[in-house]
Amino acid sequence: MLTAGQKFSLMCMYMRPVLIVSGAGSFAAFVLTAIAGTEILGTAAVIASFLKLFILAASVILLKMFGQDSQKFFYINLGVPVKKLLLWGICFDLGIYYICLTIILIARYGIC
């Protein structure tokens, strides 16, 4: 039986391309919200979130289209369904994004 840490490592291995591309989108969204003025900060955060979701969806679609069957069978043979890894990766990415975005928004509204 795999431990939670091993499952997390498998998720990171499977979702590495998606997490890299989506992380770059997250970084761009964080920079946008960090430099936006306080009068348009809410609008900038909403637009950045839609951009983030679009980048995440596109990268997941590309992973599904160009992913190799041997890669899928590797994870299935380890006892972890690929759909579950995909769902965990998406939840992990969006969770980190929204936590960081909330921290940026609280800091920006608290300072100004």
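Scoring rules and cut-offs
- Residues numbered from 1 in each chain as written.
- Predicted model: local features only at pLDDT ≥ 70, side-chain atom pairs only at ≥ 80, totals over all residues.
- Heavy atoms only, no water.
- Axes fitted to C-alpha atoms, helices over the stretch in contact; angles between N-to-C directions.
- Helix = DSSP H or I, 4+ residues; strand = E, 2+ residues; numbered from the N terminus.
- Parallel < 35°, antiparallel > 145°, perpendicular 65-115°, else oblique.
- Contact = heavy atoms within 4.5 Å.
- Nonpolar A, V, L, I, M, F, W, Y, C, P; charged D, E, K, R; others polar.
- Salt bridge = Lys/Arg side-chain N within 4 Å of Asp/Glu carboxyl O.
- Buried < 20%, exposed > 50% of the residue type's maximum accessible area, 1.4 Å probe, protein only.

Novice: Which residues make up the packing of helix H1 (residues 4-14) against helix H4 (residues 69-77), and what values go with them?
Specialist: Across the interface, H1 lies against H4 with an axial gap of 12 Å and an inter-helix angle of 175 degrees. By the angle between their directions, the pair H1 and H4 is classed as roughly antiparallel. Between H1 and H4, the residues in contact are Leu 10, Met 13 and Tyr 14 and Gln 71, Phe 74 and Tyr 75, respectively. A class-by-class count of the residues in the contact of H1 with H4 yields 5 nonpolar, 1 polar and no charged.

Novice: With reference to specific residues and values, describe the pattern of salt bridges.
Specialist: Once the charged atoms of two side chains with opposite charge are near each other, the side chains can pair. Overall, the coordinates contain 1 salt bridge when judged by the stated rule. Across the salt bridge formed by Lys 52 and Asp 93, the nearest N and O atoms sit 2.6 Å from each other. With Lys 52 in helix H3 (residues 41-66) and Asp 93 in helix H5 (residues 82-111), this pair connects stretches of sequence that are 41 residues apart. A relative accessible area of 8% places Asp 93 in the buried class.

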